[in-house]
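These are the residues of each chain, in order.
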Amino acid sequence: MADAITTETLKVLQADVPLSATLHVWLKAVTPDAPGTMAFMLGGDKIGEVSVSNAEEYVFRTFVASSGGALSCVYDTKTTAVSVAYFFNAAEVVEKGITVMHTSAANAPAPVPHGYHFRPPFGWMNDPNGFGRFAGRPHLFYQHYSHGLRWNTMHWGHAVSEDYIHWHHMPIFLFPSEDLTARPDRRGGAFSGSAIPMGDEGGIRVFFTEQVIDRTPETQVQLTATSHNIITASQAEVILANRPVGLGLTLDFRDPYVVKGPDGLWKMVLGSLSQQGGVILLYETDDPTAAAGWRFAGTLLLEERFGTAVIECPCLLPLDGPADDPDTHWALVYGLMNSTHADTGRKNLTLIAVGHFDGVRFMTDFEQELDFGTDNYAFQAFVDAGVPVGIGWLANWADVSHTIDFPTAMTLPRNLRLEDGAILTPPVEAVESLRSGIIDDTGLAAGKTVQLETGAVEILLDLSWPGASFVLHFDHPDADLALQLDAEGLSILYALPGQHAQPDGVTEPRYIARGARPVHLRIFLDAGSIEVFADHGRWAGTKRIEGFEPVRSVRLEAAEGYVTSGRIFALKL
C-alpha cells in the first residue's frame, strides 16, 4: 500500500503508476452540501478529476492515467471521504494483480501478517463464486462488500492464482445496479453464482442471483454476464425472471451453478425452500453458449429432515469420470441455511450426496457431511483436468451479526475423491509449498510443549492403530482449543470464555465426527482457524477461531506407544 501524506485537511495518496494505469476509487461527499472530489496530479500537472454528490454511500469512479510516473490523488477530508483506491495495468494485472493505495479503518484487511488463507484485500467477504480455471489459471470470485467488514450490498470480488494457494487480487468484477449501490441499506446486490468458459471465444460467462429486497413479485432473479478479458463484466441480462409455479416455493430462489450434463446440455441447479423442505431446482438449455433458453426440468432433490432449512449454493459435478459416461459418479453438494444438527447442536450444515445423474434425475447412493466443523460453508467445486477441486467460506452464518465486524477467510482448497464408499476431501497438493521449515519432529510425540513462533503451522500425526486416542492441546489466548480422538470419534474442542456448558460438562455445539477412527492426521493452524484432515480427508473438520491471535504452543497428551510420530512444519506464503 502506498504512503499517504496529510497536511491539515488535504490528503494526498501517492504511488508510482505504470503507463496506462487504470485507477478505481470509491469516494463520497462528507455532507450533501458539497460534492466529494478527487484530483489526479502527475509531474505537478493536474491530469483529471472525479466528483460525486452522494453523502450516504461510497460511489465508484474510474480514471486512466495517460502516462506513467509519480501519481498524486488529492482530496480534502472536509468535503470528501475515500473508502478504497487501487490501480492496475490491464495488460499485466493477471500476472501482478492490483496495487492498493488506500483503505479506511472501516474496511482495512485483517492484521494477519503470517496468514496463508485467502482473504480479500479490503472489506467483507463470504461465499466463493465462479470458481474455475479460465485462460489457463484458477480464478476465484467471491461475495464482497468493499466499504466495511459487515455484510451489505453484494459485489463480486476476484482473484487469480497458479496453484490455488498463492493469489493475486484482481479488480472488483461484478457491480450491482446504481440504485442498489446508492445507499448502504443491505437491500441486495449480485449474489452467489458460478462461471463457465466461453469455448473458443475465450473469456467467461457468469451466472448469479440478483436480489432486490423490495422488488415484486420476485426478490431474487437469475442473471448472466460475460467477460472477454476476465477483468470486467458486461451488462448483465435476466435469464430466469420467475420461480417455477405450483411448487409452493418461498421467495428463496438463488445461487445458480452451471455444469455440462451427461446429455451434452448445460444444466443449472438452484436452491430454494418449499413447504416440505429445502429443494434443489434443475434447469437446462439447448443453447450451446448457455446464454438463453433456460427451462425448468424438475426438482432434483428434496431435503425434508431439517424443516425450514433453505438450500443454498448447490453444486453438481462428476467425480470419477467424464460427464457423458453413465458409470460416472456425481456429487451434489449443498448448504442448509437455518439447519440444526439435533445430535450436536451445529448450525448450517453442508451435505454431499454421491450417486448417478442422467441429466434429469439424481439417484443417491450415499451421503455424508462435507465437514464436521461446519465452518466450510457455500462450498463450490469444479473438475480441473479430471480432478475435482473445491473451496469454501471459512465461516458460518450462525456467527455473523450485522452489528459487529466479521472479517473472514476461505478454506484451504481441497480435492474431492471417491474411495471405498466415502468422499475424501484432502487439501490440494500445493499446500506443501507453504512449508518453510520444520519446527519439531521429536518433542511433540514425546509429550513436550512445542512453542509456535507465528502460529502458522502444519502438524502431522501418525497413530499406532486406527482410533488410538489422544488429545492435542493448543494454547490460544482467547479460546479453549484442542483436538481429541477417543471412543466417540474425532472432535475439535472449542469454547470461548463464559460459554455455557451442558450438564455433562460439554459445550454446544459439538464439532465431532462420530465413529471416526483415523490413523493419520494433518492439522493446519492459522490466525483465526483450524483445519483438520484425518486419513487423507476421510474426515475433515474446519473451525473458525474468534479473533486473529495465533496459537502460541501445542502439547500432545497420549498413552505411551499410541502415537508413532509427530512433526510440525512452519508455513509461510
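It should be noted that the structure appears before, not after, this text.
Parameters and conventions
- Residues numbered from 1 in each chain as written.
- Predicted model: local features only at pLDDT ≥ 70, side-chain atom pairs only at ≥ 80, totals over all residues.
- Heavy atoms only, no water.
- Helix = DSSP H or I, 4+ residues; strand = E, 2+ residues; numbered from the N terminus.
- Rg over C-alpha atoms; globule rule 2.2 N^0.38 Å.
- Buried < 20%, exposed > 50% of the residue type's maximum accessible area, 1.4 Å probe, protein only.
- Contact = heavy atoms within 4.5 Å.
- Lys, Arg positive; Asp, Glu negative; His and termini not counted.
- Charge placed at Lys NZ, Arg CZ, Asp CG, Glu CD.
- Core = buried A, V, L, I, M, F, W, Y, C linked by side-chain atoms within 4.5 Å.
- Phe/Tyr/Trp six-rings, centres within 6.5 Å; stacked < 30°, edge-to-face > 60°.
- Lys NZ or Arg CZ within 6 Å of the ring centre and 35° of its normal.
- Pairing = 2+ DSSP bridges.
- Axes fitted to C-alpha atoms, helices over the stretch in contact; angles between N-to-C directions.
- Salt bridge = Lys/Arg side-chain N within 4 Å of Asp/Glu carboxyl O.
- Polar contact = N/O pair within 3.5 Å; in protein donor to acceptor, adjacent residues only side chain to side chain.

### Here's the deal with the overall build of the protein
- Within the protein, the secondary structure is distributed over two helices and 43 strands.
- On C-alpha atoms alone, the protein measures out to a radius of gyration of 24 Å, which is about the 25 Å that the 2.2 N^0.38 rule sets for 573 residues.
- Seen along its three principal axes, the alpha-carbon backbone of the protein occupies a region of about 75 × 60 × 45 Å.
- In the protein, which comprises 573 residues, the share counted as buried stands at 58%.
- Once local pairs closer than 6 in sequence are excluded, the contacts in the protein between residues at least 24 apart make up 61%.
- Positive and negative side-chain charges of the protein, numbering 39 and 69 respectively, have mean locations separated by a distance of 2 Å.

### Notes on the nonpolar core
- With 57 residues, the main nonpolar core has Leu300, Leu316 and Leu332 as its most contacted residues.
- The dominant element in this core, judged by the number of residues it contributes, is strand β23 (residues 330-337), at six residues.
- Judged by nonpolar contacts, the second largest core, of 35 residues, contains Val457, Tyr511, Ile523 and Ile530.

### Focus on the packing of aromatic side chains
- Using the criterion set out here, one finds 26 aromatic pairs in the structure.
- Considering the side-chain rings of Phe131 and Phe382, the 5.3 Å spacing of their centres and the 90 degrees angle between planes classify their relative orientation as edge-to-face. With Phe131 in strand β10 (residues 124-134) and Phe382 in strand β26 (residues 377-384), this residue pair connects regions lying 251 residues apart in the sequence.
- Phe131 sits in the buried class, given a relative accessible area of 3%.
- Each ring, one from Phe141 and one from Phe173, has its centre 4.8 Å from the other, and the planes form 55 degrees; the classification is tilted. In this pair, Phe141 is assigned in strand β11 (residues 137-145) and Phe173 in the loop between β13 (167-169) and α2 (178-181), connecting sequence segments 32 residues apart.
- In textbook terms, an aromatic cluster arises when at least three aromatic residues are bridged by ring pairs, as seen for Trp26, Phe60, Tyr86, Phe88, Phe122 and Phe175.
- The aromatic ring of Tyr494 is capped on one face by Lys543, whose charged end is 4.3 Å from the ring centroid.

### Describing the sheet that holds strand β24 (residues 350-357)
- The strand order β22-β23-β24-β25 describes an open sheet built from four strands, whose pairing is antiparallel. In the strand order of this sheet, the two ends are held by β22 (310-318) and β25 (362-369), each with one partner. Recorded for the sheet is a direction-independent mean angle of 25 degrees between the axes of neighbouring strands.
- Bridge count between β23 and β24: six bridges; the pairing is antiparallel. By the bridge assignment for β24, Val333 is matched with Ile352.

### Digging into the sheet that holds β11
- The antiparallel open sheet is built from four strands, whose spatial order is β10-β11-β12-β13. Only two strands of the sheet have a single neighbouring strand rather than two, namely β10 and β13. In this sheet, adjacent strand axes meet at a mean angle of 30 degrees when their direction is disregarded.

### Side note on the pattern of salt bridges
- Counted under the stated rule, the structure contains 33 salt bridges.
- For the salt bridge of Arg414 with Glu531, the shortest nitrogen-to-oxygen distance reads 2.5 Å. Separated by 117 residues along the polypeptide, Arg414 in strand β29 (residues 414-415) and Glu531 in strand β40 (residues 529-534) bring together distant segments of the chain.
- One salt bridge connects Glu546 with Arg544, and the closest N-O pair in it is separated by 3.2 Å.

### Some remarks on the side chain of Asn415
- Secondary-structure assignment places Asn415 in strand β29.
- A distance of 3.2 Å separates a polar atom in the side chain of Asn415 from the backbone oxygen of Pro388.
- Sequence-distant contacts of Asn415, defined by excluding residues within four places in its chain, comprise Val387, Pro388, Val389, Leu424, Thr425, Pro426, Pro427, Val428 and Glu429.

### Quick look at the side chain of Thr22
- In this fold, Thr22 is placed in strand β3 (residues 22-29).
- The class of Thr22 is buried, set by a relative accessible area of 13%.
- Contacts of Thr22, omitting those with residues within four sequence positions, involve Thr62, Phe63, Val64, Tyr86, Phe87 and Phe88.

### A few points about the environment of Ser194
- You can see Ser194 is positioned in strand β14 (residues 188-197).
- For the pair Ser194 and Ala65, spaced 129 residues apart in sequence, the C-alpha separation works out to 33 Å.
- Residue contacts for Ser194: discarding those within four places in its chain leaves Gly130, Trp156, Arg205, Val206, Phe207, Pro256, Tyr257, Val258 and Gln380.
- A distance of 3.0 Å separates a polar side-chain atom of Ser194 from the backbone oxygen of Pro256.

### Remarks on unusual backbone geometry
- In the segment running from Thr216 into Pro217, the intervening peptide bond is cis, with an omega of 0 degrees.
- Mapped onto the secondary structure, Pro217 falls in the loop between β15 (204-212) and β16 (220-227).
- A positive phi angle, close to 55 degrees, is found at Ile230, a residue other than glycine.
- Summarising the element assignment, Ile230 is placed in the loop between β16 and β17 (237-240).

### Topic: the environment of Phe175
- Take Phe175: it is sitting in the loop between β13 and α2.
- Setting aside anything within four residues of it in sequence, one finds Phe175 in contact with Trp26, Phe60 and His155.

### Topic: the environment of Leu573
- Structurally, Leu573 can be placed in the segment after β43 (563-571).
- Separated by 406 residues in the primary sequence, Leu573 and Trp167 have C-alpha atoms spaced 9.8 Å apart.
- Discounting chain neighbours no more than four positions away, the residues touching Leu573 are Gly115, Tyr116, Ile165, His166 and Leu434.

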